[in-house]
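Spelled out, the chains give:
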Amino acid sequence: MLQTALSHQPVAAPAPEHRPLISYVLPVYNEQDGIAAFHTELTAALAGRPELDFEMVYVNDGSADGSLAILRALAEQDGRVRIVDFARNFGHQIAITAGLDVARGDAVIVMDTDLQDPPRVSLELVDAWREGAEIVHARRRSRQDTAFKRTTAHLYYRVLRSSTEVDIPLDTGDFRLLDRRVADELRKYREKSRFVRGIVASMGYRQTEVAFDRDERFAGETKYPLRKMAKLAIDGVTSFSTVPLKMITRLGFVVLALSMAGIVYALAMKFFRPDITVSGWTMLMVVVLFLGGVQMLSLGVIGTYIGRIYSEAQGRPLYLVREVIGGSRADD
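The next subject is the overall build of the protein chain. Scanning the protein chain from N- to C-terminus turns up 11 helices and 8 strands. Buried residues in the protein chain amount to 42% of all 332 residues. A separation threshold of at least 6 residues defines the contact pool for the protein chain, and within that pool the share at least 24 residues apart is 82%. Accessible surface, the protein chain: about 18400 Å² in total, of which carbon and sulfur atoms supply 61%.

Encoded structure:
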């Protein structure tokens, strides 16, 4: 009888398997010529992974062209698209931060929308994450850039790594995957002069790399001209290193030694060869100009650090959002 009663009891349905949600954080600044092509290639790559769910968080960083209109159209056609529309241009690193603030995925992938970072490679980052890595860096094995940019980037990454206390992976940009736990911790870092790749490298956790070949830009011009690249380089060095300040001290000792040598030389000429001693105008000018240049350089380095302190002390918000498009209001 007991066996018969048990046989008529309803069997509980198995719990639905959790499908990991992968969020893409995609900064956009004046990319009207390439956004649609990027989205098409990204969705084509994602279609091959039906076991995963995806969302795409496009951050419009104050674009002055038709980028926002194209993004709105994408959001209407694809329910996975969300748009964070900035009130003005705040910069690439801040756009990444805003995307991380909005992203809801179990893992978050940061990449640019110019198709230099191939969307198919992002799925290799997902595979490395599912194997246990908490941070997966996309390392550039080769890049289709000008010789000048390749050379300067190669030197910069190596100088940066040797001058900071943080082991920043070589030849990596902002293309990487972050586990949900790491993304939540990264959101706590709110400094204004941001160097996201350095912050991520300094966090620890289980990190690995995936090598890839970087493609040419699909359309338009680079949004990182020399001026912005120089600013990013300065932010990278001053965010994670006091080496420039230490170099001033060392330079001071070098200048002191040279000055002492000049004094000894001037005194020796005065006492032992007074017949050929001239007024010393040349040496005076060299010394004055050299010391003046060193002082101005030193003040510039110190001013950079003071400027960072001033910026942080203001306590202003990192960015202002005009609206978030896509997704339910409860998720915003």
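With that settled, the discussion passes to the side chain of Asp 179. With respect to the element layout, Asp 179 can be found in strand β6 (residues 172-179). Polar side-chain contacts of Asp 179 include one of 3.0 Å to the backbone nitrogen of Arg 181. Look past the residues within four positions of Asp 179 in its chain and what remains in contact with it is Asp 106, Ala 107, Trp 129 and Glu 134.

In total, this model carries 14 salt bridges according to the counting rule given. Note that Asp 127 and Arg 49 form a salt bridge whose closest N and O atoms lie 2.9 Å from each other. Of this pair, Asp 127 sits in helix α5 (residues 119-130) while Arg 49 sits in the loop between α2 (35-46) and β2 (53-60); the two residues are 78 residues apart in sequence, bridging distant segments of the chain. Note that Glu 134 and Arg 206 form a salt bridge whose closest N and O atoms lie 3.8 Å from each other. Placement of Glu 134 in the loop between α5 and β5 (135-143) and of Arg 206 in the loop between α8 (196-202) and β7 (207-214) is noted, with a sequence separation of 72 residues between them. Owing to a relative accessible area of 10%, Glu 134 belongs among the buried residues under this scheme.

Residues of the protein chain with pLDDT of at least 70 account for 61%, and the chain-wide mean is 76. Confidence, read as mean pLDDT per element, is least for helix α1 (residues 2-7) in the protein chain (46) and greatest for strand β4 (residues 107-110) (94). Note on residues 1-7: pLDDT is under 50 here. Beyond four places in sequence and across chains, it has 0 contacts. Predicted confidence is poor over residues 328-332, with pLDDT under 50, and the contacts of this stretch with residues over four places away or in other chains come to 5 contacts.

To continue, consider the environment of Arg 214. Considering the arrangement of structural elements, one finds Arg 214 in strand β7. In sequence terms Arg 214 and Gln 116 are 98 residues apart; their C-alpha atoms lie 5.5 Å from each other.

Right, let's talk about the pairing of strand β1 (residues 21-28) for a bit. Of all 8 residues in β1, 7 are buried, a share of seventy percent or more. For the crossover from β1 across α2 to β2, the handedness is right-handed. Here 4 bridges tie β1 to β4, and the two strands are oriented parallel to one another. Paired with Ser 23 across the strands is Val 108, a residue of β4.

Of note in this structure, Asn 30 is not a glycine but carries a positive phi near 55 degrees. Of note, Asn 30 is situated in the loop between β1 and α2. Phi at Leu 115 takes a positive value of approximately 70 degrees, unusual for a residue other than glycine. Structurally, the position occupied by Leu 115 is in the loop between β4 and α5.

As a further point, take the packing of α2 against α5. Following both chains from N to C, one finds α2 and α5 inclined at 40 degrees, their axes separated by 8 Å at the closest point. Relative to α5, the element α2 is oriented oblique. Note that α2 runs across α5; the crossing there is right-handed. Residues Phe 38, Glu 41, Leu 42, Ala 45 and Leu 46 of α2 lie in contact with α5, whose contacting residues are Pro 119, Arg 120 and Leu 123. Of the residues assigned to the contact of α2 with α5, the class counts are 6 nonpolar, no polar and 2 charged.

Let us now look at the packing of α2 against helix α3 (residues 67-77). Where α2 meets α3, the axes come as close as 10 Å, and the angle between the chain directions of the two elements is 30 degrees. Here α3 runs roughly parallel to α2, going by the angle between their axes. Every residue of α3 that contacts α2 at Ile 35, Ala 36 and His 39 is listed here: Ser 67, Ile 70, Leu 71 and Leu 74. Counted by class, the contact of α2 with α3 contains 5 nonpolar, 2 polar and no charged residues.

Let's shift gears to the nonpolar core. Of all hydrophobic cores here, the largest spans 37 residues; its most connected members are Ile 22, Tyr 24, Tyr 58 and Ile 109. At 6 residues, the largest contribution of residues to this core is made by α5. For Tyr 58, the contacting residues outside a window of four places in its chain are Leu 26, Val 28, Ile 35, Phe 38, His 39, Leu 71, Val 81, Arg 82, Ile 83, Val 84 and Thr 113.

Moving on, we get to the packing of aromatic side chains. Using the criterion set out here, one finds 3 aromatic pairs in the structure. Aromatic side chains Tyr 24 and Phe 54 sit 6.3 Å apart centroid to centroid with 45 degrees between the ring planes, which places their arrangement in the tilted category. With Tyr 24 in strand β1 and Phe 54 in strand β2, this residue pair connects regions lying 30 residues apart in the sequence. The exposure class of Phe 54 is buried, given its relative accessible area of 7%. Their ring planes at 85 degrees and their centres at 5.3 Å tell us that Phe 86 and Phe 90 sit as a pair that is edge-to-face. Among the residues examined, Phe 86 registers a relative accessible area of 1% and is labelled buried.

What counts, and where the lines are drawn
- By convention here, each chain's residues receive numbers from 1 onward along its written sequence.
- Totals for whole chains, interfaces and linings use every residue, but because this is a predicted model, local features are given only for residues with pLDDT of at least 70 and side-chain atom pairs only at 80 or more, for both listing and counting.
- Excluded from the side-chain calculation are hydrogens and water; included are all heavy atoms of the structure.
- Each helix is a run of H or I in the DSSP string that is no shorter than four residues. Each strand is a run of E no shorter than two, and both are numbered from the N terminus.
- To sort residues, take the accessible area from a 1.4 Å probe on protein chains only and compare it with the maximum for the residue type: under 20% means buried, over 50% means exposed, and anything in between is partly exposed.
- The contact criterion used is simple: two residues touch if any of their non-hydrogen atoms lie within 4.5 Å.
- Per-residue and other accessible areas follow the Shrake-Rupley method at a 1.4 Å probe size, with only the shown protein chains counted as cover for residues.
- Polar contact is defined as a pair of N or O atoms within 3.5 Å, subject to the rule that within protein one atom must be able to donate a hydrogen and the other to accept it, and that residues adjacent in sequence are counted only when both atoms are side-chain atoms.
- A side-chain nitrogen of Lys or Arg and a carboxyl oxygen of Asp or Glu constitute a salt bridge if their distance falls within 4 Å.
- Confidence per residue, as judged by the predictor, is encoded in pLDDT with a range of 0 to 100.
- Handedness rule for crossovers: strands pointing away from the viewer, path from the first strand over the helix to the second running clockwise, crossover right-handed.
- Between any two strands, pairing holds if DSSP finds at least two bridges.
- Axis geometry follows a simple rule: fit a line to the C-alpha atoms, using only the stretch in contact for helices, then measure angles between N-to-C directions, giving values from 0 to 180 degrees.
- Should an angle lie under 35 degrees it is considered roughly parallel, over 145 roughly antiparallel, and from 65 to 115 roughly perpendicular; all remaining angles are considered oblique.
- Crossing handedness is defined as follows: a turn of the near helix away from the far one that is anticlockwise and smaller than a right angle gives a left-handed crossing, while the clockwise case is right-handed.
- Residue polarity follows a fixed list, in which Ala, Val, Leu, Ile, Met, Phe, Trp, Tyr, Cys and Pro are nonpolar, Asp, Glu, Lys and Arg are charged, and the others, Gly among them, are polar.
- We call a set of buried residues a nonpolar core when its members are Ala, Val, Leu, Ile, Met, Phe, Trp, Tyr or Cys and they connect through side-chain atoms within 4.5 Å of each other.
- When the centres of two rings from Phe, Tyr and Trp lie within 6.5 Å, Trp using its six-membered ring, the rings pair. Their planes under 30 degrees apart give stacked, over 60 give edge-to-face, and anything left gives tilted.

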